[in-house]
Each structure stands twice: as C-alpha cells, then as structure tokens.
Amino acid sequence: MRNPTKEVKIRNISIGGSNPIAIQSMTNMSVTNVEATLRQIEQCVEAGCDIMRVAVPNADAAKAFAIVRKQTATPLVADIHFDYRLAIAAIKSGADKVRINPGNMSIEQLDSVIDCAKLHRVPIRIGVNSGSVNKDALKAANGDKVKALANSLMQYVRHFEERNFTDLVLSVKSSDVRETVETNKFVAQLGYPLHLGVTEAGLLNQGLVKNSIGIGSLLLDGIGDTIRVSLTSDPVDEVYAAKDILTSLGLRSGVTFVSCPKCGRCSIDLENVANEIYDYVKNINKSLKVAVMGCEVNGPGECSDADLGMAGANGSFVFFKKGQRYKTVEAASAASEFKKEIDLLTNDN
C-alpha cells in the first residue's frame, strides 16, 4: 500500500499522490561547461531519468544554469547551499524546483527564498542529511541522529507551513542505511512527497548495495515518491540502478533480467553473453522477463518462466519463448540470434 502524499508538479513531471515513482540523477561537472552539462543531461534522460539536478554554487554557475535551462525541456532542480541569492536567481531563471538545506541560511534569507518560490510557483525540496545535521537538534535528541534528523526536518516544515508554503518535497538522508530507513519512516507521516536515497553511498559496487537496501526496503513499505541512487560514478549508472530497483519491485515497466551465478557445470561463455544481452534489453520499457542461463540444471526451469530465455550447455543454447522450448542455436551465434528474437517479441507487444 503506497503511503499517501501530497502531489507536487515539477515542470511536466508530477510526484506524490498516485503518480509513478520518478527517477532523478545529478550532473557531476561544473554547469559553466554548458555543452557538457547538456550532453550529460541528455544521456541520463535517454537512460530513463525523469528529473535532473544541477549544482549552482556561485554567481557564474547561476548564469550558466539559466543558459542550460533554455536549452533543455528536462525538468531541472537547482541545488543550492549557503547563498540564498543563488536560489532566487535559479528560480527566476526557470528552475523547476530548488533544493536547499534551510539550516545553511538565516531565517530572513530563507523567507526571501520562500517568497520568491511562492511568487513563481516553484516547489522547494528541503534536504537534510547526517553530514550536516543541526548540532542543537542532535544535542536535544541526546545524540540520537535519527531523531535529530527527523526533528530538524519537521521544524523546517513547520516554518514553511507558517509561511503558507506547502509545495514541498522532503529529503532526509544518511550514509548509514539503517539511519536512512528509520528516519524516512518517521517523516513519512508528514504527508509530503519523499525523495529517497542513501547519501555518500560510495563507489559503484558498494553504493549499489547500500542504495538497493535503503531505497528498496522503504519502497516495499510504500514509502517514497522519487529516488536518486547516489554513486561515485557516472550519473547514467545511477539511472540504470534506479530503473533496476523499480523494475525489480514491479514499480516501473522494464525488462526483468535473470541470469544464473556461474558454476563448475557451465560450459559456455555465460558472463559475456549475459552482459551483451543485458546491455541490449536495459533500455526496453516494456514489462518482460528475459533469462540467460548457463546449464541444464536451473536453466530450463527459469527459462520456462520467462517471456524469452536461453539456456546454454555443451556448445549451444536452447531458446525458450513463453515457456516453450523452440530452437537450438550454436553458442557462437546465440547472442545475435537471441537479439533478433527479442526484437520480434518487443515488436509483437
């Protein structure tokens, strides 16, 4: 059961309510490199990203953000820290949402941002994380970081509500998976859309594990309206990881890809074949199950449960479609032949 939340519109994407869970990523270069920024935004969108965030750390970046905004239709979030004037500049330049940590601004500066966002009807994402948790809040919570994070966020929300601004998205993150999960469960009761992620999750492999556990467990509980898989990696990797999480949970259309762990029974080049097929299907936005298996033990069973499957043994692959074995292909040409079958299946659907 999805946790009920307010609906917030970010350009042409609505999050919260009953809307699909949106995928976000963030450019990892200076926005002053306008051409490269636009290229990276395009690559992420092609991979399946719905919303892109761009860091705006100074006046030059604010000017460049305005140029980028004019040259892409993608919903853009301006990421602001410390200088409230940059948030105002980004809003006036057409930002579809701004992300701020209110703890980095004075009350007067924060109110100026709220007034500008209200005037231009731009939503604000309030972001707090474990690395910048308010020291007074931490002391008041007797060192309990979960309570401190939740209380800080709720305090900010109350201030926005007192200013009659409720076009909010909430984000509370920690580099600790358990803290992230527990805190988001606590703030879910506020009824605003939640942006999920495990911050500073690390390099690709470690980050995938931490984000999958943190984001996945919350989504299974019906919590979360938009996600970013934070990785020390290419932003496109974040998008594919987010798609895999959502597809695995049945929350987004896409290919469910199954391949077996290679063992001593395997007599074919399973790893390369599986990688080749996965790369071929990862951008297909239809709900299909594709299996690439390496031997005769679990292969037929898994393939019979797939829309399309291939099981290899003794120098060849047996193909399965909708549970029926229908073709045997030599290993050397199996991947290319299987791609043709994928094309036929997706075109039929």
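Look up: the structure comes first, before these words.
Nothing here was measured: the structure is a model prediction, and the numbers come from that model.

**Digging into empty space enclosed by the protein**
Next up, step 1: If you walk through the whole model with that rule in mind, you get one cavity of 30 Å³ or more.
Next up, step 2: Forming the boundary of the largest cavity are 13 residues, of which Lys243, Asp244, Thr247, Val255 and Lys282 lie nearest the centre.
Next up, step 3: Elements that contribute at least two residues to the lining of the largest cavity include exactly α9 (235-248), β11 (255-259) and α10 (270-281).
Next up, step 4: For the lining of the largest cavity, the leading source of residues is α9, giving four residues.
Next up, step 5: When the residues that make up the lining of the largest cavity are grouped by side-chain class, the tally is six nonpolar, four polar and three charged.

**A few points about the sheet that holds strand β12 (residues 288-293)**
Next up, step 1: The sheet built from five strands is open, its strands ordered β11-β12-β13-β14-β15 with mixed pairing. Whereas interior strands pair on both sides, the edge strands pair on one side only; in this sheet they are β11 and β15 (324-330). In this sheet, neighbouring strand axes are inclined to one another by 15° on average, regardless of whether the strands run parallel or antiparallel.
Next up, step 2: Where strand β13 (residues 308-313) and strand β14 (residues 316-321) come together, six bridges link them in antiparallel fashion. Residue pairing in the sheet places Leu308 in a bridge with Lys321 of β14.

**Brief notes about the side chain of Asp79**
Next up, step 1: By the element assignment, Asp79 lies in strand β5 (residues 76-79).
Next up, step 2: Classification of Asp79 as buried rests on a relative accessible area of 8%.
Next up, step 3: Excluding residues within four positions of it along the chain, Asp79 makes contact with Met26, Arg53, Val54, Ala55, Val56 and Arg99.

**Things to note about helix α6 (residues 145-162)**
Next up, step 1: Here α6 is 18 residues long and its end C-alpha atoms lie 26 Å apart, about the 26 Å a rise of 1.5 Å per residue gives.
Next up, step 2: Listed in full, the buried residues belonging to α6 are Val146, Ala148, Leu149, Ala150, Ser152, Leu153, Met154, Tyr156, Val157, His159 and Phe160.
Next up, step 3: The inward-facing, buried residues of α6 contact β6 (97-100), α4 (107-120), β7 (124-129), α5 (135-140), β8 (168-173) and α7 (177-187).
Next up, step 4: The N-cap of α6, judged by a side-chain oxygen 3.1 Å from the amide nitrogen of Val146 a few residues on, is Asp144.
Next up, step 5: Asn164 sits one or two residues past α6 and shows a positive phi near 60°.

**Remarks on the pattern of salt bridges**
Next up, step 1: Summed over all chains, the structure comprises 18 salt bridges.
Next up, step 2: Note that Lys282 and Asp279 form a salt bridge whose closest N and O atoms lie 3.5 Å from each other.
Next up, step 3: Residue Lys282 is classed as partly exposed on the basis of its relative accessible area of 24%.
Next up, step 4: The exposure class of Asp279 is partly exposed, given its relative accessible area of 46%.
Next up, step 5: Where Lys322 meets Asp307, a salt bridge forms, and the shortest distance between an N and an O atom there is 3.0 Å. Note that Lys322 is positioned in the loop between β14 and β15 and Asp307 in the loop between α11 (299-304) and β13, a separation of 15 residues in sequence.
Next up, step 6: Classification of Asp307 as buried rests on a relative accessible area of 18%.

**Some details on the packing of aromatic side chains**
Next up, step 1: According to the stated counting rule, one finds four aromatic pairs in the structure shown.
Next up, step 2: Within the aromatic cluster, the residues linked to one another by ring pairs are Phe319, Tyr326 and Phe338.
Next up, step 3: The side chain of Lys282 reaches across the aromatic face of Tyr240, ending 4.3 Å from its centre.
Next up, step 4: The ring of Tyr326 has Lys321 lying over it, and the distance from NZ or CZ to the ring centre is 5.1 Å.

**Concerning the sheet that holds strand β4 (residues 51-55)**
Next up, step 1: Read from one edge to the other, the open sheet built from eight strands follows the order β8-β7-β6-β5-β4-β3-β10-β9, with strand pairing classed as parallel. Because the sheet does not close on itself, it has two edges, and the strands there are β8 and β9 (195-196).
Next up, step 2: As defined by bridge partners, β4 adjoins β5 across four bridges and the pair is classed as parallel. Looking at the pairing, Val54 lines up with Ala78 of β5.
Next up, step 3: Sitting on the sheet, helix α2 (residues 59-70) is in contact with β4 and β5, with an inclination near 175° to β5.
Next up, step 4: Relative to the sheet, α7 contacts β8 and β9, its axis offset from that of β8 by approximately 150°.

**Regarding unusual backbone geometry**
Next up, step 1: In this structure, Arg11 takes a positive phi of about 60° despite not being glycine.
Next up, step 2: Take Arg11: it is sitting in the loop between β1 (8-10) and β2 (13-15).
Next up, step 3: Exposure remark for Arg11: the relative accessible area of 37% places this residue in the partly exposed category.
Next up, step 4: Of note, the phi angle at Asn314 is positive, near 55°, even though the residue is not glycine.

**Comments concerning the pairing of β5**
Looking along a regular strand, one sees side chains alternate from face to face of the sheet.
Next up, step 1: A two-sided burial pattern is seen for β5, the buried positions comprising Leu76 and Ala78 on one face and Val77 and Asp79 on the other.
Next up, step 2: In terms of handedness, the path from β4 via α2 over to β5 forms a crossover that is right-handed.
Next up, step 3: The parallel pair β5 and β6, bridged by helix α3 (residues 84-92), forms a crossover whose chirality is right-handed.

**Quick look at the layout of surface pockets**
Next up, step 1: Roughly 370 Å³ of internal volume is contained in the largest pocket.
Next up, step 2: Surrounding the largest pocket, 24 residues form its lining, Met26, Arg53, Thr199, Arg228 and Ser230 being those nearest its centre.
Next up, step 3: Of all the secondary structure elements, the ones that give two or more residues to the lining of the largest pocket are β7, β8 and α9.
Next up, step 4: Per-element accounting of the lining of the largest pocket gives the leading share, four residues, to β7.
Next up, step 5: For the lining of the largest pocket, the per-class residue count stands at five nonpolar, eleven polar and eight charged.

Reading the values: the criteria
Residues numbered from 1 in each chain as written. Predicted model: local features only at pLDDT ≥ 70, side-chain atom pairs only at ≥ 80, totals over all residues. Heavy atoms only, no water. 1 Å grid on protein atoms, 1.4 Å probe; cavity = no way out; pocket = protein on both sides within 12 Å on 5 of 7 lines; lining within 4 Å. Points joined across faces, edges and corners; volume = space filled by probe spheres on them. Helix = DSSP H or I, 4+ residues; strand = E, 2+ residues; numbered from the N terminus. Nonpolar A, V, L, I, M, F, W, Y, C, P; charged D, E, K, R; others polar. Pairing = 2+ DSSP bridges. Axes fitted to C-alpha atoms, helices over the stretch in contact; angles between N-to-C directions. Buried < 20%, exposed > 50% of the residue type's maximum accessible area, 1.4 Å probe, protein only. Contact = heavy atoms within 4.5 Å. Expected span 1.5 Å × (residues − 1). Polar contact = N/O pair within 3.5 Å; in protein donor to acceptor, adjacent residues only side chain to side chain. Salt bridge = Lys/Arg side-chain N within 4 Å of Asp/Glu carboxyl O. Phe/Tyr/Trp six-rings, centres within 6.5 Å; stacked < 30°, edge-to-face > 60°. Lys NZ or Arg CZ within 6 Å of the ring centre and 35° of its normal. Right-handed = clockwise from strand over helix to strand, strands pointing away.

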